[in-house]
Amino acid sequence: MNSFTCLTASEWRNLCSMGRIRIHESRAASGQLNPDFFDVLFALAPDRFALGDTSDFLVVEFIQLQQKIDGHHPPGFNQGVFWLLLDQVVQFFPIKSDDAWTFEGDADKARVAISAAVFEPQWVEWSKNQMVNQACMNGLSLCRSFGLGNGTSIDESELSHWRGLALRSCYPSAPGLGFEDIQELLLKSTECLFDLVREDSANGSIFISGPIEWINLRSNTNFLENDLDLAEQAQGLHEKYWSHAFDPCLADSEDITLFSSSLKGKFPNMFPGPWSPELIALYVRYSHLIKFGSVPPEEIIAAVNAIRKPDDQSSAQLLAFLIGVSLGANKVHALDRLLHPLSFKVAMSNVDTAQVSGPISTVNSLQTL
């Protein structure tokens, strides 16, 4: 039975050029070509900065690894390092069809063949699952940075809940999960809601229009036409906060809090549990800005803290999770370093933490996320 492994482009070029490379035996997978096999094979692939990127590695099918060549063991043989020889290779596979051109030029020079991307469907499914797992980790990591939730102590039921939210956020139309209507509809309708409140997005009035448009969207009506007292209250507040530049701290304003309480009292099914009117307004705004623009990190911190109550932190935890899912690993890590600069021993002590960014490969200012 042949074995498979994933090589980086550099390893592949060395193998084609020299006829041999060193490789640890744990990177090889063999067995029936079923979902469990592909999980193992792809899990052994090099880690990517952008999950799903496959342009600099490919799958190799080979007969066997060699312990030695002309009596020479590879360095590290006692630790499981073997030789992979070109004459033991059966086929080279790009992961995706679009990646083939990356290797064709060097393959022609080395006089080796590149096969079809037969593993692409399995890779798409595997990377989708990993994307959701990573998004969930990002959300929980940001919660932990804010000191929200139970840290690393998460049971299977709770993890399933968070992963479900991450799945709906990453793939809003994903079928087959029994979510509450509010979660499914809100995460599907975020951009639609933003379009409805776009004119308010730079003003404090989004805390009024955001939850109103959410109720209208869910109920498929204009509820203010049937509630003149609430309509008058909403109009007055909207006019007042239209003149205020957006500030996440406005979520904690007394009159906005009272208006939100009125909405929750009249429409409890629209705002169950932690899904408060303030959270919905903040999430609709920031999810759009994160996707299509940039956000100052201090705004993210202020937004989460604005809805963090001493007796109930569930809304703040939910907002932190959803924003973490939207931001991605590098920006969540950058925020973590900003919030906890002393936790990273390798960080330079003389660097202004407000200017520290994420991964070294993309060192930029943390002025925006």
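What counts and what doesn't
- Residues numbered from 1 in each chain as written.
- Predicted model: local features only at pLDDT ≥ 70, side-chain atom pairs only at ≥ 80, totals over all residues.
- Heavy atoms only, no water.
- Helix = DSSP H or I, 4+ residues; strand = E, 2+ residues; numbered from the N terminus.
- Rg over C-alpha atoms; globule rule 2.2 N^0.38 Å.
- Buried < 20%, exposed > 50% of the residue type's maximum accessible area, 1.4 Å probe, protein only.
- Contact = heavy atoms within 4.5 Å.
- Areas by Shrake-Rupley, 256 points an atom, 1.4 Å probe, with all protein chains shown as cover.
- Lys, Arg positive; Asp, Glu negative; His and termini not counted.
- Charge placed at Lys NZ, Arg CZ, Asp CG, Glu CD.
- Axes fitted to C-alpha atoms, helices over the stretch in contact; angles between N-to-C directions.
- Parallel < 35°, antiparallel > 145°, perpendicular 65-115°, else oblique.
- Left-handed = near helix turned anticlockwise from the far one by under 90°.
- Nonpolar A, V, L, I, M, F, W, Y, C, P; charged D, E, K, R; others polar.
- Pairing = 2+ DSSP bridges.
- pLDDT = per-residue confidence, 0-100.
- Phe/Tyr/Trp six-rings, centres within 6.5 Å; stacked < 30°, edge-to-face > 60°.
- Lys NZ or Arg CZ within 6 Å of the ring centre and 35° of its normal.
- Core = buried A, V, L, I, M, F, W, Y, C linked by side-chain atoms within 4.5 Å.
- Arc of directions from axis to C-beta.

Describing the overall build of the protein chain
Scanning the protein chain from terminus to terminus reveals 13 helices and six strands. Its C-alpha atoms give the protein chain a radius of gyration of 26 Å, more than 25% over the compact-globule value 21 Å for 369 residues. Looking at the 369 residues of the protein chain, the share that counts as buried comes to 45%. For the protein chain, the proportion of contacts with a sequence separation of at least 24, taken over those separated by at least 6, is 69%. Summed over its atoms, the accessible surface of the protein chain is roughly 18700 Å², and 50% of this surface lies on carbon and sulfur atoms. In the protein chain, which carries 26 positive and 44 negative side-chain charges, the distance between the mean positions of the two groups comes to 7 Å.

What to know about the environment of Arg 163
Tracing the backbone shows Arg 163 in helix α5 (residues 156–170). According to the relative accessible area criterion, Arg 163 is partly exposed, its value standing at 27%. Setting aside chain neighbours within four positions, we find Arg 163 in contact with Asn 129, Val 132, Asn 133 and Cys 136.

Topic: the environment of Gly 139
Looking at the secondary structure, you find Gly 139 in helix α4 (residues 120–145). The buried category is assigned to Gly 139, whose relative accessible area is 0%. For Gly 139 and Thr 190, which are 51 residues apart along the polypeptide, the C-alpha to C-alpha distance reads 17 Å. Residues in contact with Gly 139, not counting those within four places in the same chain, are Ala 320, Phe 321, Gly 324 and Val 325.

Some remarks on the packing of α5 against helix α12 (residues 314–327)
Packing of α5 against α12 leaves a shortest axis separation of 10 Å and a crossing angle of 45 degrees. Of the possible angle classes, the one that applies to α5 and α12 is oblique. Crossing of α5 over α12 shows right-handed handedness. Across the interface between the two elements, Trp 162, Leu 165, Ala 166, Ser 169 and Cys 170 of α5 pack against Gln 317, Leu 318, Phe 321 and Val 325 of α12. Split by residue class, the contact of α5 with α12 holds seven nonpolar, two polar and no charged.

Some remarks on the sheet that holds strand β6 (residues 89–94)
The four strands lie next to each other as β3-β1-β4-β6, forming an open sheet whose pairing is antiparallel. Each edge of the open sheet carries a strand with a single partner, namely β3 (29–30) and β6. Relative to β3, strand β1 (residues 3–8) runs antiparallel, the two sharing two bridges. Paired with Phe 4 across the two strands is Ala 29, which belongs to β3. Seen against the sheet, helix α1 (residues 9–18) touches β1, β4 (57–62) and β6 and runs at an angle of roughly 110 degrees to β1.

A few points about the confidence of the model for the protein chain
Mean pLDDT over the protein chain: 89, with 91% of residues reaching 70 or higher. Low confidence marks residues 175–179, where pLDDT is under 50. Its contacts with residues over four positions away, or in another chain, come to seven contacts.

Notes on the pairing of β1
When you tally the buried positions in β1, you get five out of six residues, the bulk of the element. Relative to β4, β1 runs antiparallel, the two being bridged by six bridges. The residue bridging Thr 8 from the neighbouring strand is Phe 57, located in β4.

Considering the packing of aromatic side chains
As enumerated under the stated definition, the model contains 17 aromatic pairs in all. The interplanar angle of 70 degrees and the centroid separation of 5.5 Å between the aromatic rings of Phe 37 and Phe 38 together place this pair among those described as edge-to-face. Given a relative accessible area of 8%, Phe 38 falls into the buried group. Seen in terms of ring centroids, Trp 123 and Trp 126 are 5.2 Å apart; in terms of plane orientation they differ by 35 degrees. Their pairing is tilted. One end of the pair is Trp 123 and the other is Trp 126, both in helix α4 and three residues apart, which spans about a single turn. There is no split in this pair, since Trp 123 and Trp 126 are both buried. Through a chain of ring-to-ring contacts, three or more aromatic side chains come together here, namely Phe 4, Phe 37, Phe 38, Phe 42, Phe 57, Phe 93, Phe 119, Trp 123 and Trp 126. Residue placement shows Arg 285 over the ring face of Phe 246; its charged tip is 3.7 Å from the ring centre. Above the plane of the ring of Tyr 286 lies Arg 285, whose end atom (NZ or CZ) is 5.3 Å from the centre.

Focus on the nonpolar core
Counting residues in each nonpolar core, the largest one holds 69 residues, and the members touching the most others are Phe 207, Leu 319 and Phe 321. It is α12 that contributes the most residues to this core, nine residues altogether. Excluding residues that lie within four positions of it along the chain, Phe 207 makes contacts with Phe 246, Asp 247, Pro 248, Leu 250, Ala 251, Ile 256, Glu 278, Ala 281 and Leu 282.

Concerning helix α3 (residues 100–110)
Listing the buried residues of α3 in full gives Ala 100, Phe 103 and Ala 107. An end-on view of α3 places all buried positions within 75 degrees of arc, on one side of the element. Opposite the buried face of α3, by more than 90 degrees, sit the exposed residues Trp 101, Asp 108 and Lys 109. Just beyond α3, the residue with positive phi is Arg 111, at close to 60 degrees.

Considering the side chain of Asn 216
Inspection of the secondary structure assignment puts Asn 216 in helix α7 (residues 206–219). With sequence-adjacent residues up to four places away left out, Asn 216 is seen in contact with Thr 221, Asn 222 and Phe 223.

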